[in-house]
Amino acid sequence: SDIVIGWVKDGQAYLTDRYAEEMAQPPMDKSQDWKLLSGYENDTHTVLRFTRKLQTCDDRDRVINRDSVRLLWAYNDNDPVDDDGPNGPTYHGTSRGTRTTMLLRTGREETALPDNVLTHDMTMSNLVIPAKRTTYWCQIVELPKLDRKHHLIMTAPKITPGNEGLVHHMDLYKCHKPPNMTNIPHGHTGHECTNPNMPLDWMECYMGGMIATWSVGDENFMLPEHVGYPIGEEDDAG
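Just so we're clear, the structure is a prediction, and the values are computed from it rather than from any experiment. (Residues numbered from 1 in each chain as written. Predicted model: local features only at pLDDT ≥ 70, side-chain atom pairs only at ≥ 80, totals over all residues. Heavy atoms only, no water.)

Could you clarify how one ought to interpret the overall build of the protein in this entry?
A tally of helices and strands in the protein yields one helix and 14 strands. For 238 residues, the compact-globule estimate of 2.2 N^0.38 gives 18 Å, and the C-alpha radius of gyration of the protein, at 24 Å, exceeds that figure by more than 25%. The dimensions of the protein, computed from C-alpha atoms along their principal axes, are 70 × 40 × 35 Å. A total of 238 residues make up the protein; the buried ones form 18% of that total. (Helix = DSSP H or I, 4+ residues; strand = E, 2+ residues; numbered from the N terminus. Rg over C-alpha atoms; globule rule 2.2 N^0.38 Å. Buried < 20%, exposed > 50% of the residue type's maximum accessible area, 1.4 Å probe, protein only.)

In structure tokens, the structure reads:
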């Protein structure tokens, strides 16, 4: 794996290019490709700015491209004395985590929507996320009644500011409502997917036709100008 370890000690910033092949102190890479630009620390933060070529031709470095990547971060409150060895960087313990992001912007321009476009937000209602590593949550949302056929041309994520780090992906399925389908009161938070508390007749929707999907790193998804997903009629797609 491609690793960078840096710190600030006595006002001086340090940065080292490393790799890992086992659960041990990451050794220094012979090719130091990450370059320190600046660094400082205060009472609450340590800030390091560094750069690297997208392709280094080092077999211990990962190529940086426009794909979403999974970053692992960790820290230790103690500054190393040496670059390696017993006085080098020490184990981070539980001070670690992960984040999926995009290191390069796609550079795509946002397509303008037509003036006569209709929008509809589908959100979870006051959901308290369970205290466990991964949760899949299902919610049935009834779309507004349409007087004639319309076409879905764009989907976009709507995430409460501050909760971006909690949402990994979202899937939107379409289902035709069975006559005796279990309804939910307005404002209901839904159910954990496939949990015994989830009504069995929701499974047709959960395993039904997927309309759209979003995951970390994605942006708004807009169909080509000549394409639309038909909705609003009994025999439309789905």
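Can you walk me through the pattern of salt bridges in this structure?
Where charged atoms of side chains with opposite charge meet at close range, the side chains can pair. Scanning all chains against the criterion turns up six salt bridges. Where R60 meets E21, a salt bridge forms, and the shortest distance between an N and an O atom there is 3.9 Å. Of this pair, R60 sits in the loop between strand 4 (46–51) and strand 5 (68–74) while E21 sits in the loop between strand 2 (12–19) and strand 3 (35–41); the two residues are 39 residues apart in sequence, bridging distant segments of the chain. Owing to a relative accessible area of 31%, R60 belongs among the partly exposed residues under this scheme. The salt bridge involving K145 is made with E142; its shortest N-O contact spans 3.6 Å. The same class applies to K145 and to E142, which are both exposed. (Salt bridge = Lys/Arg side-chain N within 4 Å of Asp/Glu carboxyl O.)

Which parts of the structure should I look at to understand the environment of Q139?
Positionally, Q139 belongs in the loop between strand 7 (137–138) and strand 8 (150–152). Once the C-alpha coordinates of Q139 and E233 are considered, the two residues, 94 residues apart in sequence, prove to be 22 Å apart.

Would you mind showing me how to read the pairing of strand 3 here?
Sheet faces and side chains relate simply in a regular strand, where the side chains alternate between the two faces. Relative to strand 4, strand 3 runs antiparallel, the two sharing six bridges. In the strand pairing of strand 4, L36 is matched with F50. Linking strand 3 back to strand 4 in an antiparallel pair, the connection comprises four residues. (Pairing = 2+ DSSP bridges.)

Would you mind going over a nonpolar patch on the surface with me for this structure?
Among the surface-exposed residues, M122, V141 and L143 lie close enough to one another that they form a single nonpolar patch of about 230 Å² accessible area. Counting through the fold element by element, M122 comes out in the loop between strand 6 (96–102) and strand 7. (Patch = residues over 30% accessible without salt bridge, like charges linked within 9 Å, V, L, I, M, F, W, Y side chains within 5 Å. Areas by Shrake-Rupley, 256 points an atom, 1.4 Å probe, with all protein chains shown as cover.)

Would you explain the side chain of H191 in this entry?
Looking at the element boundaries, H191 is found in strand 11 (residues 191–192). By relative accessible area, H191 is classed as buried at 17%. Here N197 takes part through its backbone oxygen, which lies 3.4 Å from a polar atom of the side chain of H191. The contacts of H191, once residues within four sequence positions are left out, are W137, C138, N197, M198, P199 and W202. (Polar contact = N/O pair within 3.5 Å; in protein donor to acceptor, adjacent residues only side chain to side chain. Contact = heavy atoms within 4.5 Å.)

Can you walk me through the state of the cysteines in this structure?
Inspection of the entire model under this criterion finds one disulfide. Linked covalently through their sulfurs, C138 and C193 form a disulfide whose S-S length is 2.1 Å. Linking C138 and C193, the disulfide has an S-S dihedral of approximately 115 degrees and is accordingly described as right-handed. Of this pair, C138 sits in strand 7 while C193 sits in the loop between strand 11 and helix 1 (203–206), and the two are 55 residues apart along the sequence. In this pair, the class of C138 matches that of C193, namely buried. (Disulfide = S-S within 2.5 Å.)

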